Amino acid sequence: MPPVIRRYEAADLDAVVGVFLRSVREVVSRDYDAAQIAAWAQVDRDAWSRRRLDRPTWVALIDGVIAGFGDLQSDGHIDMLFVDPACQRRGVASALLDTVELAARVQRLAVLDTDASITARPFFEKHAFQVVRSQVMALRGQHLTNFRMKKPVRAV
Ligand SMILES: CC(C)(COP(=O)(O)OP(=O)(O)OC[C@H]1O[C@@H](n2cnc3c(N)ncnc32)[C@H](O)[C@@H]1OP(=O)(O)O)[C@@H](O)C(=O)NCCC(=O)NCCS
């Protein structure tokens with residue numbers, strides 16, 4: 001069964017924080033060291049609560065449980081796309097990205113971009129995003145390599 005996608009609601013906050021923390025600690029940790037993961041796996045609950053609502057955010061449900069989430073900023077930047085470790089490679093992120101791309105077309109955005117982790121790069125490449133550059137981001141005293149990637153938005 002494909003995941004069910006719906007808009008994020010305020011009551012989803014704990015579930016998406018849980019997905020984020022598990023995904024960073026158990027999936028992203030394949031590609032970054034322990035100090036980098038510790039810096040990344042931190043959540044300011046108030047800031048998250050605001051940010052999840054100040055832009056479109058979608059959740060993906062499998063058997064009624066939140067398995068992943070993604071967002072779209074008004075400038076076409078995808079800031080968040082995370083899938084629970086228990087639900088990897090089941091099309092969850094692809095379903096979320098389809099929704100993001102549809103929203104981008106409706107908003108007449110020209111380009112989508114993201115700062116893809118080493119872990120997420122193959123997923124975005126599979127979906128026709130291209131690497132613009134590799135970059136090193138400072139995060140709570142750590143330095144993490146990721147990739148600015150972009151994809152033109154297909155006209156409706
Ligand atoms: C990247 C991520 C979002 C992909 O989520 P997912 O739901 O497992 O992805 P999908 O099942 O939709 O994958 C679709 C296709 O992308 C490609 N793909 C996905 N993950 C891949 C991986 N680790 N290695 C190679 N290809 C991959 C495959 O072609 C896959 O199709 P297949 O499973 O039939 O081979 C997920 O691995 C994740 O949460 N990673 C950690 C968080 C992260 O780095 N987020 C991005 C922050 S910038």
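Structure first, text after, so check above.
Residues numbered from 1 in each chain as written. Predicted model: local features only at pLDDT ≥ 70, side-chain atom pairs only at ≥ 80, totals over all residues.

1. Points about the sheet that holds strand β7 (residues 130–139)
Counted only if it meets this: At least two bridges found by DSSP between two strands are what make those strands a pair. Secondary structure follows DSSP: runs of H or I at least 4 residues long count as helices, runs of E at least 2 residues long count as strands, and numbering of each begins at the N terminus.
Spatially, β4-β6-β8-β7 is the arrangement adopted by the 4 strands of the open sheet, whose pairing is mixed. Two strands lie at the open edges of the sheet, namely β4 (77–78) and β7, each paired on one side alone. Relative to strand β6 (residues 111–117), β4 runs parallel, the two sharing 2 bridges. The residue bridging Ile78 from the neighbouring strand is Thr114, located in β6.

2. Looking at the site of the ligand
Cut-off, in case you're wondering: In this analysis a residue is considered near a molecule or strand if the C-beta atom, reconstructed from its backbone, is found within 6 Å of that molecule or strand. Gly counts as polar in this scheme, as do all residues outside two lists: the nonpolar Ala, Val, Leu, Ile, Met, Phe, Trp, Tyr, Cys and Pro, and the charged Asp, Glu, Lys and Arg.
Lining the immediate environment of the ligand, one finds 22 residues, of which Val92, Ala93, Ser94, Ala120 and Pro122 sit closest. At the level of secondary structure, the elements contributing two or more residues to the shell around the ligand comprise β5 (81–83), α4 (92–106), β6 and α5 (121–126). Per element, the largest residue contribution to the shell around the ligand is 4 residues, and it comes from β6. Partitioned by chemical class, the residues of the shell around the ligand number 11 nonpolar, 7 polar and 4 charged.

3. Observations concerning the nonpolar core
Using the following cut-off: Any nonpolar core is a set of buried residues, restricted to Ala, Val, Leu, Ile, Met, Phe, Trp, Tyr and Cys, that join up through C-beta atoms within 7 Å. Here a residue counts as buried when 20 or more other C-beta atoms sit within 10 Å of its C-beta, as exposed when there are 12 or fewer, and as partly exposed otherwise, the C-beta atoms being derived from the backbone.
Grouped together as the largest cluster of nonpolar side chains are 36 residues, with contacts concentrated most on Val59, Phe69, Leu81, Phe82, Val92 and Leu96. Contributing elements (two or more residues each) for this core: α1 (13–26), β2 (57–62), β3 (65–71), β5, α4, β6 and β8 (142–152). With 6 residues, the single largest contributor to this core is α4.

4. As for the sheet that holds β3
Inclusion rule: Between N-to-C directions, angles cover 0 to 180 degrees, with each direction set by a line fitted to C-alpha atoms, over the stretch in contact for helices.
Pairing is antiparallel in the open sheet, where 4 strands are placed in the order β1-β2-β3-β5. The sheet terminates laterally at β1 (4–7) and β5, the two strands that pair on one side only. The average undirected angle you get between the axes of adjacent strands in this sheet is 25°. Bridge count between β2 and β3: 6 bridges; the pairing is antiparallel. Bridged to Val59 within β3 is Phe69.

5. Description of the packing of α1 against helix α3 (residues 45–53)
What counts here: Each angle is binned into one of four classes, with values under 35 degrees roughly parallel, values over 145 roughly antiparallel, values of 65 to 115 roughly perpendicular, and all other values oblique. Whether two residues are in contact is decided by their C-beta atoms, placed from the backbone, lying within 7 Å.
The N-to-C vectors of α1 and α3 enclose an angle of 105°; their axes lie 11 Å apart at closest approach. Overall, the two elements α1 and α3 adopt an arrangement that is roughly perpendicular. Contacts between α1 and α3 involve Leu13, Val16 and Val17 on the former and, on the latter, Trp48, Ser49 and Arg52.

6. Looking at unusual backbone geometry
Its identity as a non-glycine residue notwithstanding, Arg89 has a phi of 60°, on the positive side. On the basis of neighbour count, Arg89 is assigned to the exposed category, with 9 C-beta atoms found within 10 Å. Unlike most non-glycine residues, Arg108 shows phi in positive territory, near 60°. Considering the arrangement of structural elements, one finds Arg108 in the loop between α4 and β6.

7. Observations regarding the pairing of β2
Sheet faces and side chains relate simply in a regular strand, where the side chains alternate between the two faces. Bridge count for β1 against β2 is 4 bridges, and the pairing is antiparallel. Considered in β2, the bridge of Ile5 is made with Ala60. Between the antiparallel neighbours β2 and β3 lie 2 residues, among them Asp63 with a positive phi of about 50°.

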